[in-house]
Amino acid sequence: MFAGFLNKGIRGSLVLLSVIFVASAMLLYFAPKSLEFNNYPNLFYNYFSQKIPNRLVIILLNFLFIGLGALLISLIAVKQEVTDKLNYFPVFIYLLLSIATINPQQITPQIFTNVFVLYSIYKLLDTYRQENVLNHLFEAAFWLSISAYVTISSVISFPLFFIVLLILRPFYWRDWAIAILGFVAPILMCESIAYLSDFSQWYIFKSIGLFLQFLKPPSFSEYYLPLMAFLVITLLIAIFQSFVYGFGNTVKKQRTKTILFWFLFFSTFGFFSGGANSSSVILTYAFPLSFFIGDFLYGVKQTKITNTILVFFILCVAIIFLGEYNAI
């Protein structure tokens, strides 16, 4: 059923992914309520959520960035040779996780943040065994720094950036200098604008302080519990399989799996960030989850088993949709 589409590359998966994308957008547009609301103390949410009250515009913006995120997952998986070229399970998983966790009545800032983080990871992976990569490093650092102005919890990816750099490349002082410049550039730009307009000066530093000060367990909605249980169980199985069968048949795949483990570790801080809830936690982990679980499903030899697991996954997502329609 589903596995037959997702293990045949872009030609086999495109129709299925497109149908899910369009149908979900229509269902969420007519959803009468939202299960959770965003409470992030960040500039993006406080400003733009008040400026865009139109339901259609909110849905279009959310799904635009869901589509961009799914595209970047596809590019990381295939172009960067992180997985097999025919494996589109990571794209499918990322797409469903994003659809299940967006707020149909509000802009979802973590969806926007994920695009910037994924683009940064993509540009970093592009530097592996390459020369003249300073422009790639600057872009990766620049957009990752910008993401902190969307959702402050993305600062957890700042130290991860330099760990990824050490995993992919030997130490060159020029690489690190350009990367630091890329991080500093958006801060200087925003602080200059803030100084001239006398609005929200030293925002990034104050927000980081608040982020570290108010670390606490997130709030969970009962509608998300089946999905979270499913993700935890399949992730543990996928990690066990990775240790048993290895991290991949190429050096780049092995290093990328190591990066995913580091991403899981640093995402723990996002788990405990103030204002976090079920949907924001799932979106924070969406990138490593999609690849770990996607590789596991692609490696299952029996299609019936893969389809059964995917049916459970879809049922968990369906529970969230039914909750938004007051059906349960």
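The structure reproduced in this document is the subject of the present report. These numbers were taken from a predicted model, which means no experiment stands behind them.

The secondary structure content of the protein amounts to 14 helices and zero strands. Each of the three principal axes of the protein carries a C-alpha extent, and together these read 60 × 50 × 35 Å. Among the 328 residues that make up the protein, the fraction classed as buried is 55%. A fraction of 82% describes how many contacts in the protein between residues 6 or more apart in sequence connect residues 24 or more apart. Surface summary for the protein: the accessible area is close to 15200 Å², and the carbon and sulfur share equals 70%. Across the protein, the mean location of the 19 positive side-chain charges is 7 Å away from that of the 12 negative side-chain charges.

This part covers unusual backbone geometry. With glycine set apart, most residues show a phi of negative sign, and most peptide bonds adopt trans. If you check the backbone angles, R129 has positive phi at about 55° while not being a glycine. Residue position: R129 is located in the loop between α6 (109-125) and α7 (134-147). Note on R129: relative accessible area 66%, which makes it exposed. Even without a glycine there, the phi angle at N132 is positive, about 55°.

Quick look at the pattern of salt bridges now. Within this structure, the stated rule accounts for three salt bridges. For R169, the salt bridge is made with D175, and the minimal N-O distance between the two is 3.0 Å. Residue classification places R169 among the buried residues on the basis of a relative accessible area of 10%. Across the pair K257 and D295 runs a salt bridge, and its minimum N-O distance is 3.6 Å. A residue pair is termed long-range when its members are at least 10 positions apart, and K257 in helix α12 (residues 251-271) and D295 in helix α13 (residues 278-299) qualify at 38 residues.

Tracing the chain through its elements places P288 in helix α13. Owing to a relative accessible area of 0%, P288 belongs among the buried residues under this scheme. Taking C-alpha positions, P288 is 25 Å from S207, a pair spaced 81 residues apart along the chain. Apart from the residues lying within four places of it in its own chain, the contact partners of P288 are L260, F263 and L264.

Summary: where empty space remains is shown by rolling a probe the size of a single water molecule over the atoms. Looking at the largest pocket, its volume works out to about 500 Å³. Along the wall of the largest pocket there are 20 residues; nearest its centre are Q241, G246, G248, K257 and D295. Of all elements in the fold, only α11 (225-245), α12 and α13 reach the threshold of two or more residues within the lining of the largest pocket. Broken down by class, the residue content of the lining of the largest pocket amounts to eight nonpolar, eight polar and four charged.

Rules behind the numbers
Residues numbered from 1 in each chain as written. Predicted model: local features only at pLDDT ≥ 70, side-chain atom pairs only at ≥ 80, totals over all residues. Heavy atoms only, no water. Helix = DSSP H or I, 4+ residues; strand = E, 2+ residues; numbered from the N terminus. Buried < 20%, exposed > 50% of the residue type's maximum accessible area, 1.4 Å probe, protein only. Contact = heavy atoms within 4.5 Å. Areas by Shrake-Rupley, 256 points an atom, 1.4 Å probe, with all protein chains shown as cover. Lys, Arg positive; Asp, Glu negative; His and termini not counted. Charge placed at Lys NZ, Arg CZ, Asp CG, Glu CD. Salt bridge = Lys/Arg side-chain N within 4 Å of Asp/Glu carboxyl O. 1 Å grid on protein atoms, 1.4 Å probe; cavity = no way out; pocket = protein on both sides within 12 Å on 5 of 7 lines; lining within 4 Å. Points joined across faces, edges and corners; volume = space filled by probe spheres on them. Nonpolar A, V, L, I, M, F, W, Y, C, P; charged D, E, K, R; others polar.

Fair warning: the whole summary comes from geometry, so function is off the table for now.
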